[in-house]
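What follows is each chain in one-letter form.
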Amino acid sequence: MLQSAKILEIPLLVTEQYPKGLGETCNELDISGCSIRCSKTKFSMVVPEVESFIKEHPDMKSIVLFGIEAHVCVQTTALDLLSKGLDVHVVVDATSSRTDTDRFFAFQRMRQAGVFLTTSESMILGLAGVPAIPTSSSSRRSSKPRQ
(Lines give C-alpha, C1' and ligand atoms only; values in the text may rest on other atoms or scores of the structure.)
Protein backbone atom coordinates (compact mmCIF):
# COMPACT_ATOMS: atom_id res chain seq x y z
CA MET A 1 0.00 0.00 0.00
CA LEU A 2 2.82 2.39 0.84
CA GLN A 3 4.65 1.85 -2.45
CA SER A 4 1.42 2.16 -4.40
CA ALA A 5 0.56 5.45 -2.69
CA LYS A 6 3.94 6.82 -3.78
CA ILE A 7 3.60 5.55 -7.36
CA LEU A 8 0.06 6.91 -7.66
CA GLU A 9 0.98 10.15 -5.85
CA ILE A 10 -1.69 9.68 -3.20
CA PRO A 11 -1.07 11.63 0.02
CA LEU A 12 -0.01 9.45 2.94
CA LEU A 13 -0.95 10.56 6.44
CA VAL A 14 0.89 8.72 9.21
CA THR A 15 0.14 8.88 12.91
CA GLU A 16 2.06 7.00 15.57
CA GLN A 17 0.57 6.04 18.91
CA TYR A 18 2.79 7.47 21.66
CA PRO A 19 6.13 6.79 19.89
CA LYS A 20 8.17 7.76 22.97
CA GLY A 21 6.75 4.78 24.85
CA LEU A 22 5.69 2.39 22.08
CA GLY A 23 8.31 3.18 19.47
CA GLU A 24 8.17 4.74 16.04
CA THR A 25 6.98 3.12 12.84
CA CYS A 26 9.33 0.24 12.04
CA ASN A 27 11.98 0.84 9.39
CA GLU A 28 10.60 -1.93 7.19
CA LEU A 29 7.64 0.34 6.42
CA ASP A 30 8.90 3.12 4.15
CA ILE A 31 6.90 6.17 5.16
CA SER A 32 9.39 8.64 3.71
CA GLY A 33 7.64 11.24 1.66
CA CYS A 34 4.45 11.12 3.71
CA SER A 35 2.36 14.29 3.73
CA ILE A 36 1.90 14.19 7.50
CA ARG A 37 3.71 12.29 10.22
CA CYS A 38 2.69 13.05 13.77
CA SER A 39 2.43 11.40 17.15
CA LYS A 40 -0.80 10.96 19.03
CA THR A 41 -1.93 9.89 22.47
CA LYS A 42 -5.57 9.17 21.64
CA PHE A 43 -6.82 6.21 19.65
CA SER A 44 -8.21 8.09 16.66
CA MET A 45 -5.79 9.50 14.11
CA VAL A 46 -8.17 12.42 13.63
CA VAL A 47 -5.78 14.79 15.38
CA PRO A 48 -5.44 18.53 14.60
CA GLU A 49 -2.84 17.95 11.85
CA VAL A 50 -5.08 15.43 10.08
CA GLU A 51 -8.18 17.60 10.55
CA SER A 52 -6.32 20.53 8.98
CA PHE A 53 -5.30 18.35 6.03
CA ILE A 54 -8.92 17.28 5.51
CA LYS A 55 -10.12 20.91 5.65
CA GLU A 56 -7.42 21.96 3.15
CA HIS A 57 -8.70 19.31 0.70
CA PRO A 58 -12.48 19.89 0.58
CA ASP A 59 -12.76 17.85 -2.63
CA MET A 60 -11.50 14.75 -0.81
CA LYS A 61 -14.46 12.43 -0.29
CA SER A 62 -12.81 9.10 0.55
CA ILE A 63 -10.07 7.89 2.86
CA VAL A 64 -8.22 4.58 2.80
CA LEU A 65 -7.15 3.25 6.20
CA PHE A 66 -4.74 0.49 7.15
CA GLY A 67 -2.52 -0.23 10.14
CA ILE A 68 -2.76 -1.46 13.70
CA GLU A 69 -4.72 -2.12 15.90
CA ALA A 70 -7.93 -2.86 13.94
CA HIS A 71 -10.14 -2.93 17.03
CA VAL A 72 -8.78 0.27 18.58
CA CYS A 73 -6.99 2.90 16.48
CA VAL A 74 -8.26 1.89 13.03
CA GLN A 75 -11.84 1.38 14.20
CA THR A 76 -11.96 4.63 16.19
CA THR A 77 -10.47 6.55 13.27
CA ALA A 78 -12.92 4.98 10.80
CA LEU A 79 -15.91 5.90 12.97
CA ASP A 80 -14.62 9.47 13.45
CA LEU A 81 -14.11 9.91 9.69
CA LEU A 82 -17.57 8.53 8.93
CA SER A 83 -19.04 11.10 11.32
CA LYS A 84 -17.32 13.79 9.23
CA GLY A 85 -19.18 12.57 6.14
CA LEU A 86 -16.24 10.85 4.46
CA ASP A 87 -16.33 7.48 2.73
CA VAL A 88 -13.95 5.18 4.60
CA HIS A 89 -12.24 2.15 3.07
CA VAL A 90 -10.27 -0.22 5.31
CA VAL A 91 -7.72 -2.51 3.69
CA VAL A 92 -8.27 -5.73 5.62
CA ASP A 93 -5.06 -7.51 4.57
CA ALA A 94 -3.02 -4.48 5.63
CA THR A 95 -4.76 -4.07 9.00
CA SER A 96 -4.05 -6.19 12.04
CA SER A 97 -4.72 -6.73 15.71
CA ARG A 98 -2.94 -8.77 18.33
CA THR A 99 -5.74 -11.34 18.24
CA ASP A 100 -7.83 -12.65 15.36
CA THR A 101 -10.96 -12.25 17.47
CA ASP A 102 -10.38 -8.52 17.97
CA ARG A 103 -9.63 -8.11 14.26
CA PHE A 104 -12.70 -10.08 13.16
CA PHE A 105 -15.14 -8.16 15.35
CA ALA A 106 -13.56 -4.81 14.51
CA PHE A 107 -14.17 -5.48 10.81
CA GLN A 108 -17.74 -6.53 11.58
CA ARG A 109 -18.44 -3.37 13.57
CA MET A 110 -16.85 -1.12 10.96
CA ARG A 111 -18.85 -2.74 8.14
CA GLN A 112 -22.08 -2.32 10.13
CA ALA A 113 -21.24 1.37 10.60
CA GLY A 114 -20.80 1.89 6.85
CA VAL A 115 -17.08 1.33 6.27
CA PHE A 116 -16.10 -0.35 3.01
CA LEU A 117 -13.85 -3.36 3.61
CA THR A 118 -11.47 -4.24 0.80
CA THR A 119 -8.18 -5.96 0.01
CA SER A 120 -4.91 -4.35 -0.96
CA GLU A 121 -5.00 -5.71 -4.51
CA SER A 122 -8.58 -4.55 -5.04
CA MET A 123 -7.79 -1.09 -3.66
CA ILE A 124 -4.54 -0.67 -5.61
CA LEU A 125 -6.06 -1.73 -8.92
CA GLY A 126 -9.12 0.41 -8.28
CA LEU A 127 -7.00 3.47 -7.53
CA ALA A 128 -4.68 2.85 -10.47
CA GLY A 129 -7.62 2.64 -12.83
CA VAL A 130 -5.71 0.33 -15.16
CA PRO A 131 -5.52 -3.46 -15.42
CA ALA A 132 -2.23 -3.62 -13.50
CA ILE A 133 0.54 -1.51 -12.06
CA PRO A 134 4.10 -2.30 -13.17
CA THR A 135 4.93 -4.57 -10.24
CA SER A 136 1.74 -6.64 -10.50
CA SER A 137 2.61 -8.72 -13.54
CA SER A 138 6.01 -9.73 -12.21
CA SER A 139 4.41 -10.73 -8.90
CA ARG A 140 1.85 -12.87 -10.67
CA ARG A 141 4.49 -14.53 -12.84
CA SER A 142 6.53 -15.54 -9.82
CA SER A 143 3.49 -17.03 -8.10
CA LYS A 144 2.61 -19.39 -10.96
CA PRO A 145 3.70 -23.00 -10.54
CA ARG A 146 6.74 -23.95 -12.59
CA GLN A 147 6.36 -26.79 -15.04
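Residues numbered from 1 in each chain as written. Predicted model: local features only at pLDDT ≥ 70, side-chain atom pairs only at ≥ 80, totals over all residues. Heavy atoms only, no water.

1. Focus on the side chain of Thr118
Locating Thr118 in the fold gives a position in strand β5 (residues 116–118). Setting aside chain neighbours within four positions, we find Thr118 in contact with Val90, Val91, Val92, Asp93 and Met123. (Helix = DSSP H or I, 4+ residues; strand = E, 2+ residues; numbered from the N terminus. Contact = heavy atoms within 4.5 Å.)

2. Section: the sheet that holds strand β3 (residues 62–68)
Strand order in the open sheet made by the three strands is β3-β4-β5, with parallel pairing throughout. Each edge of the open sheet carries a strand with a single partner, namely β3 and β5. Looking at each pair of strands side by side, their axes are set apart by 30° on average, direction ignored. Across six bridges, β3 lies against strand β4 (residues 87–96) in parallel orientation. Bridging from a neighbouring strand, Leu65 pairs with Val90 of β4. Across the sheet, helix α6 (residues 120–128) touches β3, β4 and β5, and the angle it forms with β4 is around 135°. (Pairing = 2+ DSSP bridges. Axes fitted to C-alpha atoms, helices over the stretch in contact; angles between N-to-C directions.)

3. Some points on the nonpolar core
Within soluble globular proteins, side chains that are nonpolar tend to cluster in buried spots. If you look at the biggest cluster of nonpolar residues, it comprises 23 residues, and the most contacted ones within it are Leu65, Leu81, Val88, Val90 and Met110. Those elements giving two or more residues to this core turn out to be β2 (36–40), α3 (48–56), β3, α4 (70–83), β4 and α5 (100–113). With four residues, the single largest contributor to this core is α4. Apart from the residues within four sequence positions on either side, Leu81 is in contact with Val46, Ile54, Ile63, Leu65, Leu86 and Val88. (Core = buried A, V, L, I, M, F, W, Y, C linked by side-chain atoms within 4.5 Å. Buried < 20%, exposed > 50% of the residue type's maximum accessible area, 1.4 Å probe, protein only.)

4. Let's talk about the environment of Pro48
Here Pro48 shows up in helix α3. Distance from Pro48 to Cys38, taken between C-alpha atoms, is 9.8 Å for residues 10 residues apart in sequence.

5. A short note on the pattern of salt bridges
Where charged atoms from two side chains of opposite charge come close, those side chains can pair. Counted by the stated rule, this structure contains two salt bridges. As a salt-bridge pair, Lys84 and Glu51 come within 3.0 Å of each other at their nearest N and O atoms. With Lys84 in the loop between α4 and β4 and Glu51 in helix α3, this residue pair connects regions lying 33 residues apart in the sequence. The class for Lys84 is partly exposed, based on a relative accessible area of 44%. On the accessibility criterion, Glu51 (26% relative accessible area) is partly exposed. Between Glu69 and Arg98 there is a salt bridge, with the nearest N and O atoms lying 3.6 Å from each other. (Salt bridge = Lys/Arg side-chain N within 4 Å of Asp/Glu carboxyl O.)

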